[in-house]
Amino acid sequence: MTGTINLKLDINGRSRELAVEPRVTLLDALREHLDLTGTKKGCDQGQCGACTVHVDGKRVLACLTLAAQVEGRAITTIEGLADGDGGLHPVQSAFLEHDAFQCGYCTPGQIMSAVACIREGHTKSDNEIREYMSGNLCRCGAYSHIVAAVREAAEAAS
Amino acid sequence: MKNFSYLRAHSADEARKAAALAGNMVLAGGTTLLDLAKCGIAEPDTVVDITHLAGLDGIEVDETQASIGALARMSAVADHPAIQKAFPAVAESLALAASAQIRNMATIGGNLLQRTRCSYFRDAAVFPACNKRHPGSGCSALGGVTRNHAVLGTSDACIAGYPGDLAVALVAFDAIVHLGERQVAVDDFFQLPGNTPDREHAFERGEIITAVTIPASAAARRSTYIKVRDRQSYEFAAASAAVGLELEADGTTVRDIRIALGGVATKPWRARTVEAALIGKVLEPELVRKASLLVMEGAIDHGANHYKIDLAPRVITRAVLKMGGLA
Amino acid sequence: MTFVTPKSKHGDASDGNLGGRLSRIDGPEKITGRATYAIEHQIEGLVYAVTVQSTIAAGTVKSVDSKAAEASPGVLLVLTPDNITHLKSATTWAGTPGPEGPFLALPKTVRFNGQHVVAVVAETLEQATAAAALIKVSYEETEHVYGLEDPKAGEGVPIDPMTKSWGDAETAFAEAPVRIEQEYKTPREYNVAIEPHGIIAQWEGDKLTLWEPSQWVDGMARSYAEWFGIPFENVRMISPYIGGGFGSKALSLPHGAVAAIAARMLGKPVKLAVTRPQTFTAYGGRPATRQTLALGATKEGKLLSIIQHGVNETSKLGMAVEPLGSVTAIMYAVPNFSSRQNVIPLNTVTPGALRAPGENPSAFGIESAIDELAYEIGMDPLEIRLLNYAEEDPHAKIPWSTRQLREAFAEGAKAFGWSKRTPAPRSMRDGNQLIGWGVAAGTYPVRRTPGEALVRILADGTAEVASSSIDMGQGTYTILAQTAAEVLGIPVDRIRVKLGDSALPRAPVAGGSQLANLMTGAVHKAALAAREELIGLALNHPNSPFLDLQLNTLTIADGTISTPRGERADISIADFMQHIGQEKIETLRDTLPEEKKNTVDRYNNFTTMMAMKSPTEGGYSLHSWCAHFVEVRVDEDFGTVRVSRMVSALDSGRLYNPKLAESQWRGGIIMGIGQALLEEGIIDPRNARVINNNLGDYLVATNADIPDLQVISVGIPDHHASVLGGKAVGELPIVGVAPAIANAVFHATGKRIRDLPITLDKIL
């Protein structure tokens, strides 16, 4: 391949090396090069939130982020959210308990967004949760259950 | 997306030099640049990544002004307590823009360079005619579907609407865009399309935005941003208004008022005629309603966007009355 | 291979059985990112295909300039109308022969804007995408018809099988003391599954493996087999998880053929992911519809006549019918009725199925019109519905199996507080907000096709269920595990369910809300047989500890075999299997009638919709029912409409898992809110392009658009409808939402909006 650059990305606490063209987005790097397909591609143009990951602890869209741009930053994907021992993050448990998903495709993005939403403190009311979770579209229509899951996880965290 | 080289800038100077080269484009938040690159509209030879530059993301607020570094994220400004206190309209305009994720990515400097959402501008493969993309090629929106297009500030060459929120608040409060040493009033930074819709900003190659300052004022302190849209969230404005109000000691007479509109014009639109009609007057609903209509003098609709002519004055009215404690 | 095993139980111990609120067993995979959707399958040597879509609505591809693309780095192949392999025409979903002539995945003739015309294959996604942008296509354009409003659209083609009539509707209408006549319109709407369509195709000799999200692996595999002229058994379609379908992932589509052709030409596995903008024309959603409804009634509100004339758009290629008379003909008791429908071909992709095709726009018409009639005579909109309640199917003139619609109205009204409603429009407000309350009913038929399932009890005391049916979020994995657990007496966390692979026992389409009923039926049957075999072995096997007891039966519960009165010590299934040296008990059962078990009928049963029974076959009319009660707040100055509160009472018969059924109900209601207020494909008349072909411009509801939604189950087991008593779940809840909202908007504002969506500019 012409014009590739070598990158060392810090993903889920592990250093991952890859050679990609500069135009490769973080989303495609994860999905097509690193076998981390938990981060989903729903629109590839910043309009659905399915590709939400954390960069240095903040929720961002992997489809509008170049892989090259996040070298040196800490990237967390859904695969790295829980502790390594196979347990679940409290937000994941709340999603399961409240059936906050159906097809599951927007779910990793919803969960990454929810974890950040709670961390940001944007969970003071159901309406605030709704607004701050609106960057993640869910076509199955699990919104009511997502709000319930985020509310519960936020209460448990506080 | 065409392939490009990637250059990580380590200083503002390096960034400026790299940005001066034809074909190079600056990556700040990436939310506009990568989006447009995927649409085939931005075709950089080199992407100059300034996201790692230190010291350009500060937010400082004192009694005279707010100074916001160009690389401050939208979310950081929206959540900043001093901004919320001294410039509520600014904080609200940011909180109502895009989504939480995009606000964590997009920078204040990049936000000012956000481009239109005109469907015809964005679909180059199907609509080759676009004076913004290719000067002189024509305007595909004229004669097309125009529900989201501008009714103010349009020209025969372009009717694309300015989509952003923050700049509407900035225009209302006379913010200054800092391009290194050079400073431009934000209202002048945004250009009317006229015959050169490709030229959207008073901005020369090689310049980068370093900061935005907003003068403090009583009007800014008592301000709000109202955004009207069909979807409750994550949508551009059908119409929006930033309004700041200062009353005389009597609590009813307007001493100072700032009004700007979004979602209806080709640039963030300062409603000076409405301001003039209200200054010195006792705030009263019917007066405000009438005055608000003045903003649409000279408005031109293209059918489907006619509703904006009715809607925008109502948004102004609501915001003014809300600030005056009358709504 | 995808096995899903329940990890944990929630709530009480009975959750694992049918009717229990078990959390979905595929949940842990989905919330950890481990669930691998079709095109996430990892495969060596993968290359990437990207299509180029037409930029004109009608005409011919004159030439393709692919020189720059071919010279572009990494490019392996450019497919054009000139070099694309001509495939054979495949049998349609209905089981009828496909159109004459070859099937062209990249046709030279352009019939709609956004048709795939070229494909580029390269080593990486980025290379293929960039090279595709370099393709230059020259067209010879011809005249197009952009939509139903196009003056060139004409009257279209009458669809005679849609004609329904009884009594003398024209005369009764003309003589009716109260008459309402209005036109109702719905726009083009899209499925917008968050997982875009895509495929990985791989050939090994003349065997084709496809990883493709699918609502119907057997039906889609048949299309590929026929396209390529290879035996059905040579095609394997794998679709373990589906990121939403809503009707759009049931049929094989041109992009799939392109990937398979490219894979064969290159001898490499090819991945083709349809981009989000391309999805708007890579398949068809709900067609735009228009219907006139004339209602004649007495002054007291009793219906005397309904006359309906509907049209929907279709493509220049295929006859897609969106049956607009489906709800109209069964919702109310009316002595005189007439309904007919035309279909207007124009330059669009062939419309497809989108959640409750037919019932959805049909209900928007009749449930708006009956509301208008209520205001006309000054009657409560709920009361007029009860006054005209259909005690039997007014069209088929046969009894309902169950119809809990009266109960739905009653329960819904009570929970909503409907009795506190003030009747006059604009009579409720809160500051700038006008408040309105509206009601509407919905219905969806019970469709039935036989299914097949394998149940396997293993030596370790666990069990497996296998079927080619799919789970796109409806909960198939979970309810099949619950079915097997209940019948086998094995705890649900020891049941594994394997789905979404055409190599497994067969299933018909996951569409028409039929899958849960037919698959629980098939699994129930297979599990009963397995249990019987296990008990038979326990009673009769020479090494069985129960052999000498001379019992007729044994009980199995919690994975343990017991004698009825404790005659002998309990033994776990695992211990028993080891005791008798049995590796497994395997039962494969189908629910085909005896005369349909032959090879040809079996094949057609699972790969076409020929065998699907109508809801009135068998002497009862089988339908699900619902009533929606909505509160809207309309900003008086801005015209924005927000749904602030909603109560829906639904009759889906028996619920196999209420937790998951409620999720589907809320999901359908939420899609209905978006449909009512936001969703509309916007077409540029000049070139028939869908110009809002992205999720920033084609608006679906966000979290902030959705208030608390109360759902109430009023169903009772209906064993005419299905073996285990369930009726339709997934498509029902969207039906009636849009008219309930439109009715509430009228109550709030006095403005009747008869064309969806109800955007602010229509209210201003």
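As a convention, each chain's residues are numbered from 1 in the sequence order in which they are written. Note on labels: chains are lettered from A, ligands numbered from 1, in written order. With pLDDT at 70 or above as the cut-off, local features in this predicted model cover only qualifying residues; side-chain atom pairs require 80 or more to be listed or tallied, and sums for whole chains, interfaces and linings still use all residues. Side-chain calculation: all heavy atoms of the structure are included, whereas hydrogens and water are not.

**Here we look at the side chain of Asn347(C)**
Residue and element names in this part refer to chain C. In this description a helix means any DSSP run of H or I spanning at least four residues, a strand means any run of E spanning at least two, and both kinds are numbered starting from the N terminus. For Asn347, the position within the fold is in the loop between strand E17 (336-345) and helix H8 (359-377). Here's how the labels work: a residue is buried when its accessible area is under 20% of the maximum for its type, exposed when over 50%, partly exposed in between, all with a 1.4 Å probe on protein chains only. For Asn347, a relative accessible area of 3% gives the class buried. Under the rule applied, a polar contact is a pair of N or O atoms within 3.5 Å (in protein, one hydrogen donor and one hydrogen acceptor; residues adjacent in sequence only if both atoms are side-chain atoms). Within polar-contact distance, the side chain of Asn347 engages the backbone oxygen of Ala57 at 3.4 Å. At 2.9 Å, the side chain of Asn347 and the backbone oxygen of Arg111 are in polar contact. Residue contacts are defined here by distance: any two heavy atoms, one from each residue, within 4.5 Å place the two residues in contact. Residues within four places of Asn347 in sequence aside, it is in contact with Ala57, Ala58, Arg111, Phe112, Glu143, His144, Val145, Lys316 and Ala688.

**Notes on the side chain of Asp471(C)**
All names here are of chain C. Assignment of secondary structure puts Asp471 in the loop between strand E21 (463-466) and helix H11 (476-488). Separated by 2.7 Å, the side chain of Asp471 and the backbone nitrogen of Gly473 make a polar contact. Within the structure, Asp471 has its side chain in polar contact with the backbone nitrogen of Gly475 (distance 3.2 Å). Beyond its immediate sequence surroundings of up to four residues, Asp471 is in contact with Asp26, Tyr241, Ile242, Thr476, Tyr477 and Leu499.

**Describing the sheet that holds strand E5 (residues 74-76) of chain A**
Residue and element names in this part refer to chain A. Taken in spatial order, the 5 strands make up an open sheet running E2-E1-E5-E3-E4, and their pairing is mixed. With partners counted over all chains shown, the strands left at the sheet margins are strand E2 (14-20) and strand E4 (58-61), one partner each. Here the strands of the sheet are splayed against their neighbours by 40° on average, with no regard to which way each runs. Pairing of strand E3 (residues 52-55) with E5 involves 2 bridges; the strand directions are antiparallel. For Val55, the partnering residue across the bridge sits in E5 and is Ile75. Those strands touched by helix H1 (residues 26-33) are strand E1 (5-11), E2, E3 and E5, and its axis lies near 95° from that of E2. Helix H3 (residues 107-120) rests against E3, E4 and E5 of the sheet, and its axis sits at about 45° to E3. Here a strand pair is declared whenever DSSP counts at least two bridges between the two strands. To get an axis, fit a line to the C-alpha atoms, keeping to the stretch in contact for a helix; angles then go from 0 to 180 degrees between the N-to-C directions.

**Quick look at the interface of chain A and chain C**
Listed as interface residues are 49 residues of chain A and, on the opposing side, 57 residues of chain C. Counting each side, the surface lost to burial between chain A and chain C is near 4500 Å², with a carbon and sulfur contribution of 54%. As a working definition, buried area equals the accessible area (1.4 Å probe) given up by two parts on being put together, with both sides summed. Together, Gln102(A), Arg139(A) and Tyr143(A) form the three largest contributors to the area buried by chain A at its contact with chain C, with a combined 19%. Here a salt bridge means any side-chain nitrogen of Lys or Arg lying within 4 Å of a carboxyl oxygen belonging to Asp or Glu. Between chain A and chain C we count 7 salt bridges in total. With a closest N to O distance of 3.2 Å, Arg130(A) and Asp708(C) form a salt bridge. Connecting chain A to chain C are 30 residue pairs in polar contact (both at pLDDT 80 or more). Where the side of chain A that touches chain C is concerned, the elements lending two or more residues are H1, helix H2 (90-97), H3, helix H4 (126-132) and helix H5 (143-157) of chain A. The element best represented in the side of chain A that touches chain C is H5(A), accounting for 5 residues.

**Here's the deal with the environment of Ala728(C)**
All names here are of chain C. Examined against the element boundaries, Ala728 turns out to sit in the loop between strand E31 (709-713) and helix H16 (737-749). The sequence separation of Ala728 and Leu504 amounts to 224 residues, and the corresponding C-alpha distance is 25 Å. Contact partners of Ala728, with chain neighbours within four places excluded, come to Tyr444, Pro445, Val446, Ser513, Asn517, Ser624 and Ser652.

**Here we look at H8(C)**
Residues and elements named next belong to chain C. In this analysis, the expected span of each helix is defined as 1.5 Å times one less than the number of residues it contains. Compared with the 27 Å implied by 1.5 Å per residue over 19 residues, the 27 Å span of H8 between its first and last C-alpha is a close match. The buried fraction of H8 amounts to 16 of the 19 residues, a majority that puts the element mostly inside the structure. The positive-phi residue at the C-terminal boundary of H8 is Gly378, with phi of around 75°.

**Thoughts on helix H15 (residues 658-677) of chain C**
Each full turn of the α-helix corresponds to 3.6 residues, which orients residues three or four apart in the same direction. With 20 residues, H15(C) should reach 28 Å at 1.5 Å per residue; the first-to-last C-alpha distance of 28 Å fits that figure. N-cap assignment for H15(C): the residue whose side-chain oxygen lies 3.0 Å from the backbone N of Lys659(C) is Asn657(C).

**Side note on the confidence of the model for chain C**
All names here are of chain C. One confidence number per residue, pLDDT, is output by the predictor and ranges from 0 to 100. Per-residue confidence for chain C averages 96 on the pLDDT scale, and 98% of its residues sit at or above 70. Within the model, the stretch residues 4-11 combines pLDDT values under 50 with 25 contacts to residues more than four positions away or in other chains. Quick note on the complex model: pTM equals 0.98, ipTM equals 0.98.

**A few points about the packing of helix H5 (residues 217-228) of chain C against helix H14 (residues 599-607) of chain C**
All names here are of chain C. At a closest axis distance of 7 Å, the pairing of H5 and H14 adopts a crossing angle of 110°. Classified by the angle their axes make, H5 and H14 are roughly perpendicular. Of the residues in H14, those in contact with Asp218, Gly219, Arg222 and Glu226 of H5 are Tyr603, Asn604, Phe606 and Thr607. The classification used treats Ala, Val, Leu, Ile, Met, Phe, Trp, Tyr, Cys and Pro as nonpolar, Asp, Glu, Lys and Arg as charged, and all other residues, Gly among them, as polar. Its residues assigned to classes, the contact of H5 with H14 shows 2 nonpolar, 3 polar and 3 charged. With respect to orientation, any angle under 35 degrees is reported as roughly parallel, any angle over 145 as roughly antiparallel, any angle of 65 to 115 as roughly perpendicular, and every other angle as oblique.

**Observations regarding the pairing of strand E28 (residues 641-651) of chain C**
Put simply, side chains in a regular strand alternate between the two faces of the sheet. Residues and elements named next belong to chain C. The element E28 is extensively covered by neighbouring structure, given that 8 of its 11 residues are classed as buried. The pairing of strand E27 (residues 623-635) with E28 spans 10 bridges and is antiparallel. Bridged to Phe629 within E28 is Val647. As consecutive antiparallel partners, E27 and E28 are separated by 5 residues, and within that stretch Gly639 has a phi angle of approximately 75°, a positive value. Strand direction decides the pairing type here: E28 and E31, joined by 5 bridges, are parallel. Within E31, the position partnered with Met646 by the bridge is Leu709.

**As for the pattern of salt bridges**
On inspection of all chains with the given rule, the structure shows 76 salt bridges over all chains. Put simply, Asp761(C) and Arg147(B) hold a salt bridge, and the shortest N to O gap is 2.8 Å. Of this pair, Asp761(C) sits in helix H17 (residues 760-763) while Arg147(B) sits in the loop between helix H8 (119-122) and helix H9 (166-172), which puts the two residues in different chains. Judged by its relative accessible area of 26%, Asp761(C) falls in the partly exposed class. Of the charged contacts in the structure, one is a salt bridge between Arg602(C) and Asp590(C), with a shortest N-O distance of 2.8 Å. Within this pair, whereas Arg602(C) is found in helix H14, its partner Asp590(C) is found in strand E26 (residues 584-590), the two being separated by 12 residues in sequence. A relative accessible area of 22% places Arg602(C) in the partly exposed class. Asp590(C) gets classed as buried once you look at its relative accessible area, which sits at 10%. One salt-bridge network, held together by shared partners, links Glu367(C), Asp371(C), Glu372(C), Arg385(C), Arg752(C) and Arg754(C).

**Observations concerning the environment of Glu322(C)**
For Glu322(C), the location among the structural elements is in the loop between strand E16 (303-314) and E17. In this structure, the C-alpha to C-alpha distance between Glu322(C) and Ser239(C), residues 83 residues apart in sequence, is 28 Å.

**Topic: the sheet that holds strand E1 (residues 5-8) of chain B**
All names here are of chain B. Here we have 3 strands laid out as an open sheet, ordered E1-E3-E2, and parallel in their pairing. The sheet is open, and its two borders are formed by E1 and strand E2 (24-27), each paired with just one other strand. Direction aside, neighbouring strands of the sheet carry axes that sit 25° apart on average. Note: E1 against strand E3 (residues 46-49), 4 bridges, orientation parallel. The residue of E3 that forms the bridge with Arg8 is Asp49.

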